[in-house]
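Report on the structure
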Amino acid sequence: MAAVQDTVEQVRSIDVDQYKYGFETDIESEKAPKGLCEDVIRYISAKKEEPEWMLQWRLDAYARWLTMQEPEWARVDYPQIDYQDLYYYSQPKAFKAPKSLDEVDPEILKTYAKLGIPLREQEILAGVEIPEGERPRIAVDAVFDSVSVATTFKEELKAAGVIFMPISEALREHPDLVKQYLGSVVPPTDNYFATLNQAVFSDGSFVYIPPGVRCPMELSTYFRINEKNTGQFERTLIIADKGSYVSYLEGCTAPMRDENQLHAAVVELVVLDDAEIKYSTVQNWYPGDADGKGGIYNFVTKRGDCRGKNSKISWTQVETGSAITWKYPSCVLRGEGSSGEFYSIAISNGRQQVDSGTKMIHLGKNTTSRIISKGISAGRSNNTYRGLVSAHRKAAGARNFTNCDSLLIGDNCGAHTVPYIEAKNPTAQFEHEATTSKISEDMLFYCMQRGLTQEDAVALVVNGFVRDVLQQLPMEFAVEAQKLISISLEGSVG
Amino acid sequence: MAPLLEIKDLHAEISGGRKIIDGMNLTINPGEIHAIMGPNGAGKSTLSYVLSGKPGYEITGGEVIFRGVNLLELSPDERAAQGLFLCFQYPLEIPGVSNMAFLHTAVNSQRRKRGEVELTSPELVRKVRELGQTLGINAEMLKRPVNVGFSGGEKKRNETLQMMLLEPYLCVLDEADSGLDIDALKVVSNGVNALRSPERSMLVITHYQRLLDYIVPDVVHVFAAGRIVHTGGKELALELEATGYAQYQNEAA
Ligand SMILES: Nc1ncnc2c1ncn2[C@@H]1O[C@H](COP(=O)(O)OP(=O)(O)OP(=O)(O)O)[C@@H](O)[C@H]1O
Ligand SMILES: [Mg+2]
């Protein structure tokens, strides 16, 4: 019950006037030559000691990408990206995949400690003091620029049969699994940024949960862009085999820089019969300054395939960062009785632009989906929800419920809702609710009359607005998310 | 003894609009209960907003001293922490924020501003439950979002609960009786009366003598056209019930 109070207190205790993750780590790096060409792709593939088929897969994507156009339909506006002016690969110098944490560069360990991400296994994500034994345990894969620098709890996961490792390592140790599933959800033809990712992706996490296994702890990947002018292209692949379950968390930050940085990730989820993946993201890339200078371009393709019957995918996202967000975590509901969920909080402030939503594609019989989206716009930002719900001819009994709420703070921001609904089966039932409201002066005054400062009042009202979605997050992430929400709305009123 | 509240020749208008408070004077001593009665549109609610610092009003003259400080210089939350409580005519709804969490945040915000020790969750919960019981507010209502879906009477009980918990020095009640059935009226009045103390004062805005049977005032003012035009004892409320405001409106004009 004191969650709101806690938030208010936590926000107070944080130095709020700046993006607190904006520091830079001084570490020497080794980069591929600037720009993109076949040789750079060969360089990346060689660095990763990849099999020949993998290199070919990349080169095919590159050839296709050269023929593709950057999409323009989203409600976002940014100057032309010069793809030849970027580095596509960067790794800490003298990097050798560490065998244990003791081998990880202390500067990097310090970076993660500063970010509140524990690589020491006894600590937890939110850094809260919890007595031994009651601590939720989270296995972390830490990706620094283009490479995974540490993965924790490896032994314990291995005992449970769970595979959790950098995808580059999985390519060497479990090539058949990777080959079977990689690109099976997001095909090479999918979209401009996904195809680019396929050509140049550097690292990311690979997860395989064997049949009937409930993963013994939360898994998480923490992405950090450090290098200048470096794109980050990670690729995540998670497979939940029959009857298994896993909860996966993803977090990210970057230093404050005046130039924009490109992040084009791909996440693929595959869920077989009666299995479930819960995927949560707290996205906090550097959003740029108040005038819109700098910040991350976050162009991400996330898709899950509910391949088996009664399989389930749940996407939960808290999006507070990035100069531009372009992302639509989706579910392909193929298996009979499968279900997809999308819970989203997207906050934009300053000059941020968000075009985000989901796609629920009902292919199988009696498939269900649920979308709860909360958009909050402040400052001079623009926040668009874009969602597709479709039912294939054969998707008898498909059902969807969509609820899309927008909250405006101030007079200079925009909120937009763009729903696409296509039902080719007459028995499909789709429900759509949408509201747009302004944070009311009267409500803030009421809170202030009871003693809350204006900022606390805004935090309280916003936390109330997003509560349904926050409740979907694993507990430690919910605390983190509440903090982020309050911080990202600093200075949004008055 | 220093007065608790002193309003001296106060003039206020709606920002960019017309003048509503027009040369208002009022002194309230600690422990006193003052009732304000007056025709619709006279500016009674506006007075309560100006006192509590709601945005949208311009003070064009006069001053307000509350517990020795210049009230008009404080932000709304500072005024609240100083001990000014406004019982809203139309309490606001806050979706998604539980009543209990709201109370906790409010109490501790004020305590922090005053440099007092904050209440822990168990302390607060105990206190709120106790007060809730006297007002017929059960645990379920405390879990629900603030005022969302509450009936008119429940909202007023909830306002009273907040007031009892926050223990202000001056309670401004704006039509606390509107929308209340007889039983609720008694419950709310009992709550208000329980708060009566030698240090605490009340400013009760109402249209009906009925409320003043339960919350017995020391002084009754007639408020018309933006100022107090007549003052009397509690019997004045009865007179007004019989005669209406016509004579005072002429006086004010
Ligand atoms: N924000 C505003 N904009 C324009 N006019 C306003 C505003 N607020 C109040 N008024 C006007 O100011 C006058 C005083 O209103 P106020 O609500 O203070 O009256 P009141 O004495 O409380 O009336 P009632 O007994 O009906 O509650 C009214 O004529 C009202 O229409
Ligand atoms: Mg009124």
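In this convention, every chain numbers its residues from 1, walking through the sequence in written order. Lettering for chains starts from A, numbering for ligands starts from 1, and both go in the order in which the items are written. Residue-level local features of this predicted model are given only where pLDDT is at least 70; pairs of side-chain atoms are given and counted only at 80 or more, and the full residue set underlies all totals for whole chains, interfaces and linings. For the side-chain quantities, the full set of heavy atoms in the structure was used; hydrogens and water were omitted.

It is worth spelling out the overall build of chain B at this point. Numbering of helices and strands runs from the N terminus; a helix is a DSSP stretch of H or I covering at least four residues, while a strand is a stretch of E covering at least two. The number of helices and strands found in chain B is ten helices and twelve strands. On C-alpha atoms alone, chain B measures out to a radius of gyration of 18 Å, which is about the 18 Å that the 2.2 N^0.38 rule sets for 253 residues. Overall, chain B is about 55 × 40 × 40 Å in size when its C-alpha atoms are taken along their principal axes. Throughout this description, buried means an accessible area under 20% of the type-specific maximum (1.4 Å probe, protein chains only), exposed means over 50%, and partly exposed covers the range between. In chain B, which comprises 253 residues, the share counted as buried stands at 54%. Shrake-Rupley sampling with a 1.4 Å probe provides the accessible areas, and residues are treated as covered by the protein chains on show and by no other component. About 10300 Å² of surface is accessible on chain B, with carbon and sulfur atoms providing 50% of the total. We treat Lys and Arg as the positive residues and Asp and Glu as the negative residues; His and chain ends play no part in the count. Charge placement uses NZ in Lys and CZ in Arg. For Asp and Glu, CG and CD serve respectively. When the 25 positive and 31 negative side-chain charges of chain B are each reduced to one mean point, those points stand 5 Å apart. A radius of gyration in this sense is built from C-alpha atoms; the matching globule rule multiplies 2.2 Å by the number of residues raised to 0.38.

The next subject is the confidence of the model for chain B. One number per residue, pLDDT, summarises how confident the predictor is, and it ranges from 0 to 100. Summing up the model confidence of chain B, the mean pLDDT is 91 and the portion of residues at 70 or higher is 98%. Among the prediction metrics, the complex's ipTM stands at 0.95, with pTM recorded as 0.80.

This brings us to the packing of aromatic side chains. All names here are of chain A. Each Phe, Tyr or Trp ring, with Trp reduced to its six-membered ring, pairs with another whose centre is within 6.5 Å; inter-plane angles below 30 degrees give stacked pairs, above 60 give edge-to-face pairs, and intermediate values give tilted ones. Taken as a whole and judged by the stated rule, the model has 23 aromatic pairs over all chains. For the ring pair Y83 and Y192, a centre distance of 5.8 Å and an interplane angle of 75 degrees mean the geometry is edge-to-face. Placement of Y83 in the loop between α3 (52–65) and β2 (90–92) and of Y192 in helix α8 (residues 192–200) is noted, with a sequence separation of 109 residues between them. By relative accessible area, which is 8% here, Y83 ends up buried.

With respect to the helices and strands, E52 of chain A occurs in helix α3. The spatial distance from the C-alpha of E52 of chain A to the C-alpha of M448 of chain A is 65 Å, given a sequence separation of 396 residues.

All names here are of chain B. Every one of the 15 residues lining ligand 1 counts as a neighbour, but R18, G41, K44, T46 and H207 are closest to it. Polar contact criterion, stated in full: a pair of N or O atoms within 3.5 Å, where within protein one must be able to donate a hydrogen and the other to accept it, and residues adjacent in sequence count only if both atoms are side-chain atoms. Measuring from an oxygen atom of ligand 1, one finds a backbone N or O atom of G43 at 2.9 Å. For ligand 1, whose accessible area on its own is 640 Å², the fraction buried by protein is 61%. It is helix α1 (residues 44–52) that contributes the most residues to the shell around ligand 1, three residues altogether. Across the shell around ligand 1, the residue classes tally to five nonpolar, seven polar and three charged. In this text, near means that some heavy atom of the residue lies within 4 Å of the molecule or strand in question. We call Asp, Glu, Lys and Arg charged. Ala, Val, Leu, Ile, Met, Phe, Trp, Tyr, Cys and Pro are nonpolar, and the rest, Gly among them, are polar.

A word on the interface of chain A and chain B. We call two residues in contact whenever any of their non-hydrogen atoms come within 4.5 Å of each other. Chain A puts 23 residues into the contact, and the matching count from chain B is 40 residues. Within this document, salt bridges are pairs made up of a side-chain nitrogen of Lys or Arg and a carboxyl oxygen of Asp or Glu, the two lying within 4 Å of each other. Where chain A meets chain B, there are two salt bridges. E159 of chain B is the salt-bridge partner of R450 of chain A, the closest N and O atoms lying 2.7 Å from each other. For the interface between chain A and chain B, the tally reads twelve residue pairs in polar contact (both at pLDDT 80 or more). Going through the elements one at a time, α1 (3–13), α9 (441–449) and α10 (454–465) of chain A are the ones with two or more residues in the side of chain A that touches chain B. In terms of residue count, the dominant contributor to the side of chain A that touches chain B is α9 of chain A (eight residues). Residue classes in the side of chain A that touches chain B are distributed as twelve nonpolar, five polar and six charged.

Turning next to the pairing of strand β18 (residues 353–362) of chain A. All names here are of chain A. Of all ten residues in β18, eight are buried, a share of seventy percent or more. When DSSP locates at least two bridges between a pair of strands, those strands are taken to pair. In the sheet, strand β15 (residues 324–327) pairs with β18 via four bridges, with the strands oriented parallel. Following the sheet pairing, K327 is matched in β18 by S356. Two elements, strand β16 (residues 330–333) and β18, share four bridges in a ladder whose sense is parallel. When the sheet's bridge partners are listed, C331 is paired in β18 with M360.

Glancing now at the side chain of Q198 of chain A. All names here are of chain A. Mapped onto the elements of the fold, Q198 is located in helix α8. By relative accessible area, Q198 is classed as buried at 2%. Not counting residues within four places of it along the chain, the set of residues in contact with Q198 comprises W57, R58, A61, P187, P188 and R235.

This part is about the pattern of salt bridges. Residues and elements named next belong to chain A. Using the criterion set out here, one finds 28 salt bridges over all chains in the structure. With a closest N to O distance of 3.4 Å, D203 and K48 form a salt bridge. Taken together, the residues span a long stretch of sequence, with D203 in the loop between α8 and β6 (205–209) and K48 in the loop between α2 (38–47) and α3 at a distance of 155 residues. For the pair D203 and K48, a shared accessibility class is recorded, and that class is buried. The partner of D190 in a salt bridge is R303, with the nearest N and O atoms 2.8 Å apart. Of this pair, D190 sits in the loop between α7 (175–181) and α8 while R303 is found in strand β13 (residues 295–306), placing the two residues 113 residues apart along the sequence. Given a relative accessible area of 11%, R303 falls into the buried group. By sharing partners, the salt bridges in this structure join D305, R307 and R334 into a single network.

So, on to the sheet that holds strand β10 (residues 201–205) of chain B. Residues and elements named next belong to chain B. Pairing within the open sheet is mixed, and its six strands lie in the order β6-β9-β10-β3-β11-β12. Each edge of the sheet is formed by a strand with only one pairing partner; in this case those strands are β6 (84–87) and β12 (227–232). Averaged over all neighbouring strand pairs, the angle between strand axes comes to 20 degrees, with direction disregarded. Pairing of strand β3 (residues 33–37) with β10, which is carried by four bridges, proceeds in the parallel orientation. Comment: axis = line fitted to C-alpha atoms, over the contacting stretch for helices; angle = value between 0 and 180 degrees taken between N-to-C directions.

Residues and elements named next belong to chain B. All of the buried residues along helix α9 (residues 235–243) are L236, A237 and L240. End-on view of α9: buried residues confined to an arc of 100 degrees, all on one side of the axis. When the buried face of α9 is taken as reference, the exposed residues oriented beyond 90 degrees from it are L238 and A242. Arc definition: it is the arc formed by the directions from the helix axis to the C-beta atoms.

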